[in-house]
Amino acid sequence: MEDCIFCKIAQGQIPSTFLYEDDQVVVINDINPQTPVHMLVLPKKHIQSLAAAQEEDRDLLGHMLMTAKNMARERGVAESGYRIIVNTGRDGAQTVQHLHMHIMGGKQLPEQMV
Ligand code: AMP
Ligand code: ZN
C-alpha cells in the first residue's frame, strides 16, 4: 500500500535490517525500543490492523505468532519470558496503520499495562 511505512520496510523500499524474513513476514527491531528486546513482526501483506483481518488471514496470524515465539527463543528471552502486544485502533494506541506484533522482553515488565 502506498505511503505505508511498514509496507515500504517489508518490501525493502526503505533500507532496514531484517532479523528474519520469509515469504509472509519480516521481523525488525523497533526504532524506539521500550525494552532491551523489542522486535516487530510485520506481515508483508498490508492489513490495517487486527480488527481489519479476515478469515483468509487466519494462517498468516498463526504464522506471525509462531514467528514471534521463534524470535523470542533466538534472542534468548524464551526462558525469562516476554510479552506479545498487538495495539489495535485508537484506544489501543495503534500509531502505525499496518498490522504488527511487538515482542518485548529482556526485563521484568509491569503486571498491569494501565
Ligand atoms: P504501535 O502502532 O503503537 O503498535 O507502535 C508502532 C511501533 O512502530 C512503535 O513502537 C514505533 O517505535 C515503531 N516504528 C515506527 N516506525 C518505525 C520504523 N521505521 N522502524 C522500526 N520501528 C518503527
Ligand atoms: Zn502497509
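Note that the coordinates shown come from a computational prediction; the quantities given were computed from them, not determined experimentally.

Structural notes on the overall build of the protein chain
Regarding its fold elements, the protein chain presents two helices and five strands. Secondary structure elements of the protein chain, listed N to C terminal, follow the sequence α-β-β-β-α-β-β. In summary, the protein chain has a C-alpha radius of gyration of 14 Å against a globular reference of 13 Å for 114 residues, a match within 12%. Each of the three principal axes of the protein chain carries a C-alpha extent, and together these read 35 × 30 × 25 Å. Taken across its 114 residues, the protein chain has 37% of its residues classed as buried. In the protein chain, the share of contacts with a sequence separation of at least 24, taken over all contacts with a separation of at least 6, comes to 55%. For the protein chain, the exposed surface amounts to about 7,100 Å²; the carbon and sulfur share of it is 50%. One finds the centroid of the 10 positive side-chain charges in the protein chain at a distance of 5 Å from the centroid of its 14 negative side-chain charges.

Side note on the nonpolar core
Ranked by size, the top nonpolar core spans 16 residues in total, and within it Met39, Val41, Met64 and Ile103 carry the most contacts. For this core, the elements supplying multiple residues, two or more each, are β2 (25–29), β3 (37–43), α2 (58–74) and β5 (101–105). Here the element with the most residues in this core is α2; it accounts for five residues. Beyond its immediate stretch of four places on either side in the chain, Met39 contacts Leu19, Val27, Ile28, Asn29, Asp30, Met71, Ala72, Arg75, Met101, His102 and Ile103. Core analysis: the next-biggest nonpolar cluster, separate from the first, contains ten residues, Cys7, Ala10, Ile28 and Leu42 among them.

Rules behind the numbers
Residues numbered from 1 in each chain as written. Chains lettered and ligands numbered in written order. Predicted model: local features only at pLDDT ≥ 70, side-chain atom pairs only at ≥ 80, totals over all residues. Heavy atoms only, no water. Helix = DSSP H or I, 4+ residues; strand = E, 2+ residues; numbered from the N terminus. Rg over C-alpha atoms; globule rule 2.2 N^0.38 Å. Buried < 20%, exposed > 50% of the residue type's maximum accessible area, 1.4 Å probe, protein only. Contact = heavy atoms within 4.5 Å. Areas by Shrake-Rupley, 256 points an atom, 1.4 Å probe, with all protein chains shown as cover. Lys, Arg positive; Asp, Glu negative; His and termini not counted. Charge placed at Lys NZ, Arg CZ, Asp CG, Glu CD. Core = buried A, V, L, I, M, F, W, Y, C linked by side-chain atoms within 4.5 Å.

Scope: geometric values only; no functional claims are made or implied.
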